[in-house]
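Each chain, letter by letter, is given below.
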2 protein chains.
Amino acid sequence: MTSLPSGRRAPRGSLSAAATRRVERPAPLRQAVYDALLELIVNRTLAPGQHLVEAELAEYLGVSRQPVREALQRLQTDGWVDLRPAQGAFVHTPTEEEADQLLAVRSVLETYSAKLAAEHATAADVKLLRKLQKAGEEALVTANVERLVKANADLHAAVATIGRNKVLSEMIGLVDRRVRWYYTPIARPRSRDSWNEHAELVTAIAEGDVERAGEVMHNHAEQTRQTYHDRKTPESTTESD
Amino acid sequence: MTSLPSGRRAPRGSLSAAATRRVERPAPLRQAVYDALLELIVNRTLAPGQHLVEAELAEYLGVSRQPVREALQRLQTDGWVDLRPAQGAFVHTPTEEEADQLLAVRSVLETYSAKLAAEHATAADVKLLRKLQKAGEEALVTANVERLVKANADLHAAVATIGRNKVLSEMIGLVDRRVRWYYTPIARPRSRDSWNEHAELVTAIAEGDVERAGEVMHNHAEQTRQTYHDRKTPESTTESD
DNA sequence: GAAGTGCTTTTTGCATACGAAAAGCTGTAT
DNA sequence: ATACAGCTTTTCGTATGCAAAAAGCACTTC
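If you're wondering where the values come from, they're calculated on a predicted model, not measured in any experiment.

**Student:** Quick question: what am I supposed to make of the pattern of salt bridges here?
**Tutor:** When their charged atoms lie close together, side chains carrying opposite charge are able to pair. All names here are of chain B. Counting across every chain of the model gives 24 salt bridges over all chains. Of the charged contacts, one joins Glu 70 and Arg 30 as a salt bridge, the two residues approaching to 3.8 Å between their closest N and O atoms. Of the two residues, Glu 70 sits in helix H3 (residues 65-77) while Arg 30 sits in helix H1 (residues 29-42), which places them 40 residues apart along the sequence. Its relative accessible area of 5% is what places Glu 70 among the buried residues. Between Lys 150 and Asp 154 there is a salt bridge; the shortest N-O distance is 3.0 Å. Separated by four residues within a single helix, Lys 150 and Asp 154 lie in helix H6 (residues 145-162), roughly one turn from each other.

As structure tokens, this is what we get:
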């Protein structure tokens, strides 16, 4: 019963305005562990279904079990691992059904995001989008899948940011990362079409055409969803590009 | 009575069909702590902005700091508390802006949810909806705000479930709980209109009219959002500095 | 040879302990 | 009187320890 509102108002210092500047926060270890494990999962180093033993991960990462536990818990709430009650963590195995549901939700969120972006985009925003678009098309030429996926994620993230809805952005961030995880292994073929659609999207946003932006993004997302379905049937050892 | 086959794939035992019956899972303590803390937050027992000291909570709940920490982390990722790096947990203080953004996202998700529900609803589903609708209107008569909010949440949750998209349902669950938190204190006036809209929604779903269901839900959500805005300016809290 | 049972090993879940960083306070000097 | 500096207190972050539950294994029995 010592502290009720531990008001964080600056006493009366002169530079209190710049207080937003967080300088080198200690960077909690659990965050580093979270990032490391997520990377390992997305990398497929940790395969879907694999049992993650806290002690092993701890030793591998050179930390104690505690931060590992905390990271695993967060990974669970973000949908990357399943935490069975007295059994530990297992890398989440995405089912076809779940992937489709995720793609559907993504479609809805992204469509709204595109509308908001068209509504709010400034000249600087458009400039950024064009830059990202260019980066994507360059990656398209090099045919580097990983870079392409990254460029794609960047563009979508930028659109979300431009929409000026943080809640939406965060949500899209979560969903997109998982979609990326499911989708990356089969992402090859649609790249060119995809970036053409992106170009259309950027144009619509630049013109402030809300309806059109929404429409384009919706079609774009649904195309991705369709591609996922078409691809998922065979064990496509077809490594042709 | 001790020989319950713990294995979840019965070899060819006779009662393998009933194996879905999960009997009394150990119920992790962190989950109980999570629920307890969430209740305290929604109750306003723990006020927005309040500093949550792990040791205090642990003692209050009669557990050690460990499960409390884990619960707090999850509360953070769900948006209920802010976890400042070396400073601990603070009950999240919703800003007007954030509340509006959340309501906007909710609107989008719920609209899609309603469309899905109209697409998938069976006779049994419709029956359930009508039952919940009835419960809501009864609560309306008693003018019990808490019950009303609960009935409202139940109905929306049911619609989400009927849509058969688990990813969407979970997301709506998270968003709705937070909206409810923000909105409850000012939820008085709109009840009757709200339940009329619900009735319309149920009808549209029952008829399988996808477009209409989406439209009704969209209007419904936007009305709620509007009400929030109209209500929020009782006293000019000049917090801009 | 196959199925069931009891034991051992492994791994989680929770508790406790210790070090470090941040906030608050007090005393002193200007 | 005010402002700064150093110290103390509080609280978090991480590590370690211990008990309980679950899984795996070998043994016994039919």
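**Student:** Any chance you could explain the sheet that holds strand S2 (residues 81-84) of chain B here in plain terms?
**Tutor:** Note: strands within a sheet are paired through backbone hydrogen bonds, in either parallel or antiparallel orientation. All names here are of chain B. In space, the three strands of this open sheet follow the order S1-S3-S2, with antiparallel pairing throughout. Every other strand in the sheet has two partners, leaving strand S1 (51-52) and S2 as the edge strands with one partner each. Pairing analysis gives four bridges linking S2 to strand S3 (residues 88-91), with the strands arranged antiparallel. What sits directly across from Arg 84, in S3, is Gly 88.

**Student:** What exactly am I supposed to notice about the interface of chain A and chain B here?
**Tutor:** Bring the parts together and some accessible area is lost; that lost area is often taken as the interface size. Tallying the contact residues gives 32 residues for chain A and 30 residues for chain B. Approximately 3,000 Å² of surface area, both sides summed, lies buried where chain A meets chain B, with 58% of it carried by carbon and sulfur atoms. Connecting chain A to chain B are two salt bridges. Of the charged contacts in the structure, one is a salt bridge between B:Glu70 and A:Arg69, with a shortest N-O distance of 3.0 Å. Run the count over chain A and chain B and you get 14 residue pairs in polar contact (both at pLDDT 80 or more). Among the secondary structure elements, those contributing two or more residues to the side of chain A that touches chain B are helix H3 (65-77), strand S2 (81-84), helix H4 (96-120) and helix H7 (166-183) of chain A. With eight residues, H4(A) is the single largest residue contributor to the side of chain A that touches chain B. The residue inventory of the side of chain A that touches chain B, partitioned by class, reads 14 nonpolar, seven polar and eleven charged.

**Student:** Looking at this structure, I do not really get the protein's contact with DNA strand D. What am I missing?
**Tutor:** Every one of the 23 residues lining DNA strand D counts as a neighbour, but A:Leu29, A:Ser64, A:Gln87, B:Arg65 and B:Pro85 are closest to it. For DNA strand D, the backbone portion of the atoms within 4 Å of the protein, that is sugar and phosphate, comes to 71%. Within the side chain of A:Gln87, a nitrogen or oxygen atom sits 3.1 Å from a phosphate oxygen of DNA strand D. Between DNA strand D and B:Arg65 there is a distance of 3.1 Å, counted from a base nitrogen to a side-chain nitrogen or oxygen. At the level of elements, helix H1 (29-42) and H3 of chain A together with S1 and H3 of chain B are the ones that each hand at least two residues to the surface near DNA strand D. Examining the composition of the surface near DNA strand D, we find that three residues originate from one element, H3(A), more than from any other. Counted by class, the surface near DNA strand D contains ten nonpolar, six polar and seven charged residues.

**Student:** Mind showing me how you'd approach the sheet that holds strand S3 (residues 88-91) of chain A here?
**Tutor:** Strand order in the open sheet made by the three strands is S1-S3-S2 (chain A), with antiparallel pairing throughout. Of all strands in the sheet, those bounded by a partner on one side alone are strand S1 (51-52) and S2 of chain A.

**Student:** Just to check I follow, could you spell out the protein's contact with DNA strand C for this structure?
**Tutor:** Taken together, 21 residues lie near DNA strand C, and A:Leu52, A:Arg65, A:Pro85, B:Leu29 and B:Ser64 sit nearest. What you see for DNA strand C is that sugar and phosphate hold 69% of its atoms within 4 Å of the protein. Within the backbone of A:Glu54, a nitrogen or oxygen atom sits 3.3 Å from a phosphate oxygen of DNA strand C. Contributions of two or more residues to the surface near DNA strand C are made by S1 and H3 of chain A together with H1 and H3 of chain B. The element best represented in the surface near DNA strand C is H3(B), accounting for three residues.

**Student:** Would you explain the confidence of the model for chain A in this entry?
**Tutor:** Do not read the fine detail of predicted coordinates wherever pLDDT is low. On average, residues of chain A score 83 in pLDDT, and 83% of them are at 70 or above. Contacts of residues 1-25 of chain A to residues separated by more than four positions or lying in other chains number four contacts, the stretch itself having pLDDT below 50.

**Student:** What am I meant to see in empty space enclosed by the protein here?
**Tutor:** The gaps left among the atoms become clear once a water-sized probe is rolled over them. Inspection of every chain in the model, using the stated rule, returns one cavity of 30 Å³ or more. Empty space within the largest cavity amounts to approximately 40 Å³. Along the walls of the largest cavity sit A:Gln73, A:Arg74, A:Thr77, B:Glu70, B:Gln73, B:Arg74 and B:Thr77, which together make up its complete lining. When residues of the lining of the largest cavity are traced back to their parent elements, those giving at least two are H3 of chain A together with H3 of chain B. If one sorts the elements of the lining of the largest cavity by residue count, H3(B) sits on top with four residues. Its residues assigned to classes, the lining of the largest cavity shows no nonpolar, four polar and three charged.

Criteria and cut-off values
- Residues numbered from 1 in each chain as written.
- Chains lettered and ligands numbered in written order.
- Predicted model: local features only at pLDDT ≥ 70, side-chain atom pairs only at ≥ 80, totals over all residues.
- Heavy atoms only, no water.
- Salt bridge = Lys/Arg side-chain N within 4 Å of Asp/Glu carboxyl O.
- Helix = DSSP H or I, 4+ residues; strand = E, 2+ residues; numbered from the N terminus.
- Buried < 20%, exposed > 50% of the residue type's maximum accessible area, 1.4 Å probe, protein only.
- Pairing = 2+ DSSP bridges.
- Contact = heavy atoms within 4.5 Å.
- Buried area = accessible area lost by both parts, 1.4 Å probe.
- Polar contact = N/O pair within 3.5 Å; in protein donor to acceptor, adjacent residues only side chain to side chain.
- Nonpolar A, V, L, I, M, F, W, Y, C, P; charged D, E, K, R; others polar.
- Near = heavy atom within 4 Å.
- pLDDT = per-residue confidence, 0-100.
- 1 Å grid on protein atoms, 1.4 Å probe; cavity = no way out; pocket = protein on both sides within 12 Å on 5 of 7 lines; lining within 4 Å.
- Points joined across faces, edges and corners; volume = space filled by probe spheres on them.

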